[in-house]
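In case you want the letters, here they are:
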Amino acid sequence: MGGEPDVIVIGAGVIGSSVALELARGGRRVTVVDKGPAAGSGSTSASSAIVRFSYSTVPTVLTAWESAAAWEHWSEHLGMSDPDGMARFVRTGNLIFNAPGVDTARIAALWDDVGIAHELLSSTAIHRRWPDLDIGAFFPPKRVDDPAFVDDAHGELTAIFEPSSGFVDDPMLAARNLATAAKAHGATFHYHAEVVGIERAAGRAAGVTLADGTVLSAPVVVNVTGPYSARVNRMAGVEDAMRIHTRPLRQEVFTAR
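Residues numbered from 1 in each chain as written. Predicted model: local features only at pLDDT ≥ 70, side-chain atom pairs only at ≥ 80, totals over all residues. Heavy atoms only, no water.

**Q** Help me understand the environment of threonine 180, please; the structure alone is not making it clear to me.
**A** In this fold, threonine 180 is placed in helix H6 (residues 171-184). Using a relative accessible area of 25% as the deciding quantity, one classes threonine 180 as partly exposed. Separated by 98 residues in the primary sequence, threonine 180 and aspartate 82 place their C-alpha atoms 7.0 Å from one another. In this structure threonine 180 touches Met80 and Asp82, once residues within four positions along its chain are discounted. Here aspartate 82 takes part through its side chain, which lies 3.2 Å from a polar atom of the side chain of threonine 180. (Helix = DSSP H or I, 4+ residues; strand = E, 2+ residues; numbered from the N terminus. Buried < 20%, exposed > 50% of the residue type's maximum accessible area, 1.4 Å probe, protein only. Contact = heavy atoms within 4.5 Å. Polar contact = N/O pair within 3.5 Å; in protein donor to acceptor, adjacent residues only side chain to side chain.)

This is the structure in structure tokens:
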């Protein structure tokens, strides 16, 4: 797999490929390994790919807000146009209903702080703009076998609306676009390359061992494995030191049109 890189990135999803692009742009020699067959073929391919700004802290709102410009000007961000096709940002806006457990007042305050335009909508305004939406309040949630499951609504919901949000139409293609741009800056990608161990030296990660026995060395290893990140952290012996722990959950997402 060539000479020793400066950085090994584990994971070629949309985030791993983006990390690889920025590192390669900065002049680092980057090697990306992924157990899947192509960039974005893991959890990225099943992502709902929502671009939104409804997060709980100013730094996360700002990160999403500033990053949105890259999706809207995708080819400019990549510095190229992928001959295999380009992912596309679709602007839809983000409608968030005032419901138990959803702190829309805090979201609106954060947006005011950052300067993100939004509207506070009454139930009448929602119905006028989106007449096909059922804005009835059916809380609290009920099991389908509960006789109260079919009860009528007991009021109507209000909401906040932010017009700049949307979604990326093909998240796997977006990862492929990023990988193609990273390769143009010298990054190398290796697929069907599952990491089964983390090499260590002087108390820190120093490379990876692949399932076929190949050992790749680098002074920096970046874990961008999404649902598998906890497993890689465990291999590296750093999981117990993490303040936030993760575990994969299978969740079905559907879109109604």
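**Q** It is not clear to me how the sheet that holds strand E2 (residues 30-33) should be interpreted in this structure. Could you clarify?
**A** Sheet architecture is open: four strands sit in the order E9-E2-E1-E13, paired in parallel fashion. Because the sheet does not close on itself, it has two edges, and the strands there are strand E9 (188-190) and strand E13 (220-223). This sheet shows a mean twist of 20° between the axes of neighbouring strands, independent of strand direction. Bridge analysis of E2 against E9 gives three bridges, and the strand direction is parallel. The residue of E9 that forms the bridge with threonine 31 is threonine 188. (Pairing = 2+ DSSP bridges. Axes fitted to C-alpha atoms, helices over the stretch in contact; angles between N-to-C directions.)

**Q** Explanation requested: helix H2 (residues 58-72) in the structure shown.
**A** It helps to recall that an α-helix has 3.6 residues per turn; residues three or four apart then point in one direction. Taking 1.5 Å as the rise per residue, H2 with 15 residues should run 21 Å; its terminal C-alpha atoms sit 22 Å apart, in good agreement. Val61, Ala64, Ala68 and Ala70 are the residues of H2 that are buried. Viewed along the axis of H2, the buried residues span an arc of 160°, placing them on a single side of the element. Those residues of H2 that are exposed and aimed more than 90 degrees away from the buried face are Pro59 and Glu66. In this structure, the buried residues of H2 make contact with strand E3 (50-51), helix H3 (74-78) and helix H4 (104-114). (Expected span 1.5 Å × (residues − 1). Arc of directions from axis to C-beta.)

**Q** Would you explain the environment of leucine 133 in this entry?
**A** Counting through the fold element by element, leucine 133 comes out in the loop between helix H5 (123-129) and strand E7 (159-162). A relative accessible area of 37% places leucine 133 in the partly exposed class. What leucine 133 contacts, discounting residues up to four positions off in sequence, is Leu95, Phe97 and Ile126.

**Q** Explanation requested: unusual backbone geometry in the structure shown.
**A** Glycine aside, residues mostly have negative phi angles, and peptide bonds mostly take the trans form. Residue proline 140 is bonded to the preceding phenylalanine 139 through a cis peptide linkage, with omega at 0°. With respect to the helices and strands, proline 140 occurs in the loop between H5 and E7. A positive phi is found at alanine 49, a non-glycine position, where the angle reads about 55°. Within the fold, alanine 49 resides in the loop between E2 and E3. Taking relative accessible area as the criterion, alanine 49 reaches 13% and is therefore assigned buried. The phi angle at alanine 202 is positive, at roughly 55°, despite the residue not being glycine. Relative to the assigned elements, alanine 202 resides in the loop between strand E10 (195-201) and strand E11 (204-210).

**Q** Quick question: what am I supposed to make of H6 here?
**A** Counted at 1.5 Å a residue, the expected span for H6 with its 14 residues is 20 Å, and the 20 Å between its end C-alpha atoms agrees. Listing the buried residues of H6 in full gives Pro171, Leu173, Ala174, Ala175, Asn177, Leu178, Ala179, Ala181 and Ala182. Looking at the buried positions of H6, the neighbouring elements they touch are helix H1 (14-25), H2, H3, strand E8 (166-168) and E9. Backbone geometry just after H6 places glycine 186 at a positive phi near 100°.

**Q** Looking at this structure, I do not really get the packing of aromatic side chains. What am I missing?
**A** Given two aromatic rings, their pairing is described by the distance between the two centres and the angle made by the two planes. Under the definition given, this model contains four aromatic pairs. Relative to tryptophan 65, the ring of phenylalanine 53 lies with its centre 5.0 Å away and its plane at 85°, an arrangement referred to as edge-to-face. Here phenylalanine 53, found in the loop between E3 and H2, pairs with tryptophan 65, found in helix H2; they are 12 residues apart in sequence, far enough to count as distant. Looking at phenylalanine 53, the relative accessible area reads 1%, which means it is buried. The class for tryptophan 65 is partly exposed, based on a relative accessible area of 31%. Between tryptophan 71 and tryptophan 74, the aromatic rings sit 4.5 Å apart at their centres with planes inclined by 20°, giving stacked as the arrangement. For tryptophan 74, a relative accessible area of 6% puts it in the buried group. (Phe/Tyr/Trp six-rings, centres within 6.5 Å; stacked < 30°, edge-to-face > 60°.)

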